[in-house]
Amino acid sequence: MKQRKLVVISAGLSQPSSTRLLADQLSAAGGRAAAQLGVHLDVQVVELRDLAHDITDNMLTGYAKPALKQAQEAVTAADALITVTPVFSASYSGLFKSFFDVLDKDALVDKPVLLAATAGTARHSLVLEHALRPLFSYLRAAIIPTSVFAASDDWGANSVEGPLRGRIDRAAAELAREVERREPAVVTDPFALTANFEDMLKNL
Ligand SMILES: Cc1cc2nc3c(=O)[nH]c(=O)nc-3n(C[C@H](O)[C@H](O)[C@H](O)COP(=O)(O)O)c2cc1C
C-alpha cells in the first residue's frame, strides 16, 4: 500500500467546534476513499486555535515559534491538505487567513487542497467561491473541484446525512484520486549543496 501524508487544518474557535467536526468527517472520508485506491493516509490535524498566539507573534517578528514551525513544516511536507474555516463576517476567519499569510508563499504550489467552511447560515455558502478559492488559487494550490460547506441546519445531532454526506464523500473521492495519481511530496532543502566537492575543487 502507498503511504501518503494528509494535513487537516481546522480554524474553528468554539469547543466543541463544528469546523473541527467537519474536518474530522472529511479526513475520515478521505482515508476511506484513499484506502480503496490502495493508499494509506497518515493524518495530522492542525488546530489553528492552539497556534493563534504563535501566528500573531510570527506576523510581528517574522519568526515562527516551535509549535507553529512544526505545523508549517507538516503543511509543506504534506501530500494533500484539507482546510476548514468558520465563516466570520461573510469570509474566512482572520486566524485562518493569518496562518496562510505566515506560511512560505511556495509551500502549497501544486499541492491538492480540499476547501471547506462552516457557518451559521446557508446564505453565506458562496464564501467558498469568492474568498477561499481565490486565496488558494493565488497560492497556486491544486484545488479539489468539489468544496464543502456546512451550515448549522446541515448538522443533525452531530451526524451528517443527506446532501452534506454526499458532498463530503464526493470531495473526499476527488482528493483521494488526486493523491493516488501523484508522486509523494518532495521537500527541497534550501541549504543543500547543488554541486559536489570534486567539481568545486576543479574550479579552484
Ligand atoms: C465573529 C463571528 C462572525 C460570524 N459571522 C458569520 C457570518 O458572516 N455568516 C454566517 O453564516 N455565520 C457567521 N458566524 C457563525 C459561524 O460561522 C459558525 O457558528 C461556525 O460554524 C463556528 O464554527 P466553530 O463551531 O468551529 O467555532 C460568525 C461567528 C462569529 C463568532
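Residues numbered from 1 in each chain as written. Predicted model: local features only at pLDDT ≥ 70, side-chain atom pairs only at ≥ 80, totals over all residues. Heavy atoms only, no water.

A.B. asks: Summarise helix α3 (residues 66–77); cite the residues concerned and give the values.
C.D. replies: Relative to the 16 Å expected for twelve residues at 1.5 Å per residue, α3 spans 16 Å between its end C-alpha atoms, a close match to the ideal helical length. Turning to α3, its buried residues number three or more, namely L68, A71, Q72, A74, V75 and A77. (Helix = DSSP H or I, 4+ residues; strand = E, 2+ residues; numbered from the N terminus. Expected span 1.5 Å × (residues − 1). Buried < 20%, exposed > 50% of the residue type's maximum accessible area, 1.4 Å probe, protein only.)

A.B. asks: Explain the pairing of strand β5 (residues 112–119) to me, and be specific about the residues and the numbers.
C.D. replies: The element β5 is largely enclosed, with a buried count of eight among its eight residues. Here β5 shows two buried faces, one formed by P112, L114, A116 and T118 and the other by V113, L115, A117 and A119. Bridge analysis of strand β3 (residues 80–88) against β5 gives six bridges, and the strand direction is parallel. Paired with L81 across the two strands is V113, which belongs to β5. Here two bridges tie β5 to strand β6 (residues 142–143), and the two strands are oriented parallel to one another. Bridge pairing in β6 links P112 to A142. When β5 meets strand β7 (residues 148–151), the two strands line up parallel, connected through four bridges. Residue pairing for β7: A117 is matched across the bridge by F149. (Pairing = 2+ DSSP bridges.)

A.B. asks: Explain the nonpolar core residue by residue, including any values.
C.D. replies: Of all hydrophobic cores here, the largest spans 37 residues; its most connected members are I9, L48, F96, F99, F100, L108 and F136. Secondary structure elements with two or more residues in this core: β1 (2–10), α3, β3, α4 (94–101), β5, α5 (127–138) and β7. Per-element tally for this core: the top contributor is α5, with six residues. In contact with F100, other than residues within four places in its own chain, are I9, T83, L108, F136 and L139. (Core = buried A, V, L, I, M, F, W, Y, C linked by side-chain atoms within 4.5 Å. Contact = heavy atoms within 4.5 Å.)

A.B. asks: Outline the packing of aromatic side chains, listing residues and values.
C.D. replies: Applying the stated criterion across every chain, the model contains five aromatic pairs. Measuring from centroid to centroid gives 5.0 Å for F100 and F136, while their planes differ by 80 degrees, and the two rings are edge-to-face. Taken together, the residues span a long stretch of sequence, with F100 in helix α4 and F136 in helix α5 at a distance of 36 residues. By relative accessible area, which is 4% here, F100 ends up buried. When its relative accessible area of 0% is taken as the criterion, F136 is described as buried. Within the aromatic cluster, the residues linked to one another by ring pairs are Y92, F96, F99, F100 and F136. (Phe/Tyr/Trp six-rings, centres within 6.5 Å; stacked < 30°, edge-to-face > 60°.)

A.B. asks: Tell me what's going on with the packing of helix α2 (residues 52–61) against α3, and back it up with residues and numbers.
C.D. replies: The contact between α2 and α3 brings their axes to 9 Å, and the two run at 90 degrees. The orientation of α2 with respect to α3, classified from their angle, is roughly perpendicular. Within the contact between the two elements, α2 uses D54, I55 and N58 and α3 uses A67, L68 and Q72. Residue composition of the contact of α2 with α3, grouped by class: three nonpolar, two polar and one charged. (Axes fitted to C-alpha atoms, helices over the stretch in contact; angles between N-to-C directions. Parallel < 35°, antiparallel > 145°, perpendicular 65-115°, else oblique. Nonpolar A, V, L, I, M, F, W, Y, C, P; charged D, E, K, R; others polar.)

A.B. asks: Break down the side chain of K111 for me, citing the residues and quoting the values.
C.D. replies: By secondary structure assignment, the location of K111 is in the loop between α4 and β5. Put simply, K111 is tucked away with no salt bridge, and the nearest opposite charge, on D79, sits 6.7 Å away. Only 2.6 Å separates the side chain of K111 from the backbone oxygen of A78, close enough to count as a polar contact. Setting aside its immediate chain neighbours within four residues, K111 contacts V75, T76, A77, A78, D79, A80, L81, A141, A142 and A185. (Lys, Arg positive; Asp, Glu negative; His and termini not counted. Salt bridge = Lys/Arg side-chain N within 4 Å of Asp/Glu carboxyl O. Polar contact = N/O pair within 3.5 Å; in protein donor to acceptor, adjacent residues only side chain to side chain.)

A.B. asks: So what about the environment of I9? Which residues, and what values?
C.D. replies: Summarising the element assignment, I9 is placed in strand β1. Under the relative-accessibility criterion, I9 is labelled buried at 0%. If near-sequence neighbours (up to four positions away) are discounted, I9 is found in contact with V46, L48, V75, L81, I82, T83, V84, F99 and F100.

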